[in-house]
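# Observations on the model geometry
One-letter residues, chain by chain:
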Amino acid sequence: MTASTPLRRARELDDLTLARAQHGDAAAFRALVETYQDAVFALVWRLRGRHAAAAEIEDIAQTTFLGVYRALPRFRAAGPAKLSTWILTIATRAVLKSRRGDREIVELEDLPQLPTQVARIAQRSFADALALALDALPAAYRAVFVLHAYHELDHAEIATALEIEPGTVKSRLSRAREHLRAHLKEFAP
Amino acid sequence: MTDNDPLAPRRLAEYDVPGAPSGFASRVMAAIDDAPPLRSPRRRWPLIAGAVAAVAAIAIIAKLGLGSDEHASGARTIADRRETVMLARRGVAVAEPGTALNWTIAGDGAAEVEQSSGRAFYRVEHGGPFEVRTPLGVVQVTGTCFSVEVTAMKNPINRDMVKGASFGAVVATAVLVTVYEGSITLANPSGQLQVAPGDTAIVRPGEPPRRESAAIASSRELADARARIVTLEHELAAARGADKGADIQNHDPGRYYAPSPETLREMADKCWIAFDRPPFTADGAPELVDAKLAIAVGVSDAERAAINAAYKTTQDRELEALRRLYMELTGADADTTAMLSVDALEAEITAKSSDDDEIAARRAIARSRAGLEPEPTGAELVRRSAIERMLRLEIALGSEAEAAAASVVGADRAHELRAHDGAAGWQNSVSDYGGCDESYRR
């Protein structure tokens, strides 16, 4: 199965089902999982990279939904965050937590040259090259880019998700784009 | 960005990834079966701008004797602010300004409400027929949440007209009924319509009811309704224990930020606590003073930014204290704890605390606030229950926020920010609950 909505927000659960899920209705919570599972898997795959094992991705996704389950009674539907954004926030944190060693911020200048595989893969497919270029980004930059480009979170939402300043989001996003464009220039006719 | 840009959406979409595998939701549900049960939302529900409504509701309940089998009736016209009206043992209506309600609850529970104008949101308990009569039709329900809006009503309801052929001549342009839970039937002499959750029905003079487009029940309205459902459930729960608390809801204007000695003594007698709730969040920067409040109080942009920054320092300190409490109580590690929202932390601490501990905490806090026993020293406090320490932290936050603001704009203006224009406290958000009897929950 492939993620069917890679470039737009997940549809939102209706408010009544959400209210029921918040009150412990199992069927409603299942509906919540089914509504957001593809978005969560898409996010987790892109943050962990396509080299990750499927079992690891599922573990993180399951951790995400268990976290959602525990915190759901406190989610404020009338608050500023959409449910999808809130769930993606939990998923992002679950990914970052799962790879603690990657959590330190590595400045792009400090990165070694991208693996030469990028150039080689460029002869195969754009998707593979993009995946590799994304994988080569530091986790903090990749999270900003993926949340923005694939899940349409705005700067403020990403700032909240990653607990960083909006200005930092903007600068990381800009630099992530520069990095990706530089390493995908073979694909820009 | 052009289509040639490798980062154009069309190009990015080429990097596709797998979606959820088959059976994933079932595996999540199985894992949840091994997890602790969900708690209902906070018992200390923040009643945003609702303190007055709660006072009115409980006073009415006490007067009507909720839960009795007696015949009850009442009438209410809502003037200038939203009010919660208890319909004896059959439910609650949250009525907007301009709403006129008359109701009769028979001894067998059958309820008849006349709504001749305005807009009201109803939460109905099971227990017999329940009808809301409007100028253009009758809403028949059995146990549900719905709202009724009567637009452009100029004359009081005429019961004969509702039942008779001249029904359509009543001066009301439309009646809108939106259902949030359960189902209702909207009927008039021209026809009837079953209305399901999420649907809005409309009836106009001389026409049968018909289903309106879903746009009427906007997501914003549904979100608002969801919050109201939960709030009403709490108010109903509070009403059932009103004999324990009805007299505690006094009219002290400073009840939530500077309660009088009399208020504090009353609260001590009932193991009661009431306090305002400034923003408290693990996500991003809390906005203690928003732009609108700043303008109203004459706080400059620079002062506002400084206040919010000062408050962030304060709330972050308390957030760390709350997280430590959570870890102490649950054994969770720091990373897991850091993932949880403030509400989740509070809910878990409450869930893992016994009723006895919570009551003892309220008793101790209410008595020390009233000066009936000394405040615990730091050494004593660490031996108190987690729920007591959490409640003390929550209660203190309002004054700490005021102190943070005072460090920027002085004490007088800080206090004005907290209680501007008659607000119950920071952002008009409060908790107000208690009771020394363990059977009483709010």
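Residues numbered from 1 in each chain as written. Chains lettered and ligands numbered in written order. Predicted model: local features only at pLDDT ≥ 70, side-chain atom pairs only at ≥ 80, totals over all residues.

### Notes on the overall build of chain B
Secondary structure summary: chain B contains 15 helices and 15 strands in total. Relative to its 442 residues, chain B shows a buried fraction of 44%. Considering only intrachain contacts with a sequence separation of at least 6, the fraction spanning at least 24 residues in chain B is 60%. (Helix = DSSP H or I, 4+ residues; strand = E, 2+ residues; numbered from the N terminus. Buried ≥ 20, exposed ≤ 12 C-beta atoms within 10 Å, placed from the backbone. Contact = placed C-beta atoms within 7 Å.)

### Digging into the overall build of chain A
Within chain A, the regular secondary structure consists of nine helices and zero strands. Taken from N to C terminus, the helices and strands of chain A fall in the order α-α-α-α-α-α-α-α-α. Burial status across chain A gives 48% buried among its 189 residues. Considering only contacts in chain A between residues 6 or more positions apart, those separated by 24 or more positions represent 68%.

### Brief notes about the pairing of strand 10 (residues 184-188) of chain B
Residues and elements named next belong to chain B. Residues Ile184, Leu186 and Asn188 of strand 10 are buried on one face, while the alternating residues Thr185 and Ala187, pointing to the opposite face, are not. One ladder, built from four bridges, connects strand 7 (residues 137-141) with strand 10; its direction is antiparallel. Across the sheet, Val139 pairs through a bridge with Leu186, a residue of strand 10. Hairpin geometry of strand 10 and strand 11 (residues 191-195) is characterised by an intervening segment of two residues between the two adjacent antiparallel strands. (Pairing = 2+ DSSP bridges.)

### Topic: the packing of helix 2 (residues 26-48) of chain A against helix 7 (residues 139-149) of chain A
Residue and element names in this part refer to chain A. Two elements in contact, helix 2 and helix 7, have axes separated by 9 Å at closest approach and are oriented at 145°. The chirality of how helix 2 crosses helix 7 is right-handed. Mapping the contact onto sequence places Leu43, Arg46 and Leu47 in helix 2 and Arg142, Ala143 and Val146 in helix 7. Its residues placed into classes, the contact of helix 2 with helix 7 shows four nonpolar, no polar and two charged. (Axes fitted to C-alpha atoms, helices over the stretch in contact; angles between N-to-C directions. Left-handed = near helix turned anticlockwise from the far one by under 90°. Nonpolar A, V, L, I, M, F, W, Y, C, P; charged D, E, K, R; others polar.)

### Some details on the packing of helix 12 (residues 355-369) of chain B against helix 14 (residues 386-409) of chain B
All names here are of chain B. The contact between helix 12 and helix 14 brings their axes to 8 Å, and the two run at 45°. When the axes of helix 12 and helix 14 are compared, the pair comes out oblique. In this structure, helix 12 crosses over helix 14, and the sense of that crossing is right-handed. Contacts from Asp357, Glu358, Ala361, Ala364 and Ile365 in helix 12 reach Ile387, Glu388, Leu391, Arg392 and Ile395 in helix 14. For the contact of helix 12 with helix 14, the residue count by class is six nonpolar, no polar and four charged. (Parallel < 35°, antiparallel > 145°, perpendicular 65-115°, else oblique.)

### Some remarks on helix 8 (residues 155-162) of chain A
All names here are of chain A. A large share of helix 8 lies buried, amounting to six of its eight residues. Where helix 8 is buried, its residues meet helix 4 (83-98), helix 7 and helix 9 (166-183). Glu163 occupies a position one or two residues after helix 8 and carries a positive phi of about 55°.

### Brief notes about the confidence of the model for chain B
Residues and elements named next belong to chain B. For chain B, per-residue confidence averages 74 on the pLDDT scale, and 74% of positions sit at 70 or higher. Scored below 50 in pLDDT, residues 153-170 shows 32 contacts in the model against residues more than four places distant or in partner chains. Within the model, pLDDT remains below 50 along residues 214-220, and this stretch shows eight contacts once partners closer than five positions in the same chain are excluded. (pLDDT = per-residue confidence, 0-100.)

### Observations concerning the nonpolar core
The biggest cluster of nonpolar side chains holds 116 residues, and the ones touching the most others in it are Val44 of chain A together with Ala405 of chain B. Considering every element that reaches this core, the biggest residue donor is helix 2 of chain A, with 12 residues. If sequence neighbours within four positions are ignored, Ala405 of chain B has contacts with Leu288, Ile307, Tyr311, Ala414 and Leu417 of chain B. Counting residues in hydrophobic clusters, the runner-up holds 38 residues, among them Val94, Val124, Val177 and Val195 of chain B. (Core = buried A, V, L, I, M, F, W, Y, C linked by C-beta atoms within 7 Å.)

### Thoughts on unusual backbone geometry
All names here are of chain A. In the Ramachandran plot, Glu152 falls in the positive-phi region, its phi being about 60° despite a non-glycine side chain. Structurally, Glu152 can be placed in the loop between helix 7 and helix 8. C-beta crowding within 10 Å serves as the criterion here: with 15 such atoms nearby, Glu152 is assigned to the partly exposed category. Its identity is not glycine, yet Glu163 carries a phi of approximately 55°, on the positive side. Assignment of secondary structure puts Glu163 in the loop between helix 8 and helix 9.

### A word on the pairing of strand 2 (residues 83-86) of chain B
The side chains of a regular strand alternate, residue by residue, between the two faces of the sheet. Residues and elements named next belong to chain B. The two faces of strand 2 match: Glu83 and Val85 on one face and Thr84 and Met86 on the other face are all buried. Relative to strand 3 (residues 91-95), strand 2 runs antiparallel, the two sharing four bridges. For Glu83, the partnering residue across the bridge sits in strand 3 and is Ala95.

### Concerning the confidence of the model for chain A
Detailed conclusions should not be drawn from predicted coordinates in areas where pLDDT is low. Residue and element names in this part refer to chain A. Per-residue confidence for chain A gives a mean pLDDT of 78, with 80% of residues at or over 70. Within chain A, helix 5 (residues 117-122) has the poorest average pLDDT of any element, 42, and helix 2 the best, 91. In this model residues 1-8 is a low-confidence stretch, pLDDT under 50, and it forms 28 contacts with partners more than four residues away in sequence or in other chains. Every residue in residues 100-123 is under pLDDT 50, and counting partners more than four places away or in other chains gives 25 contacts.

### A few points about the environment of Ala302 of chain B
Here Ala302 of chain B shows up in helix 9 (residues 301-330). Residues Ala302 of chain B and Val408 of chain B, 106 residues apart in the sequence, show an inter-C-alpha distance of 9.9 Å.

### As for the environment of Ser183 of chain B
Note that Ser183 of chain B resides in the loop between strand 9 (174-181) and strand 10. Here the alpha-carbon distance between Ser183 of chain B and Ala196 of chain B, two residues 13 residues apart in the chain, equals 4.9 Å.

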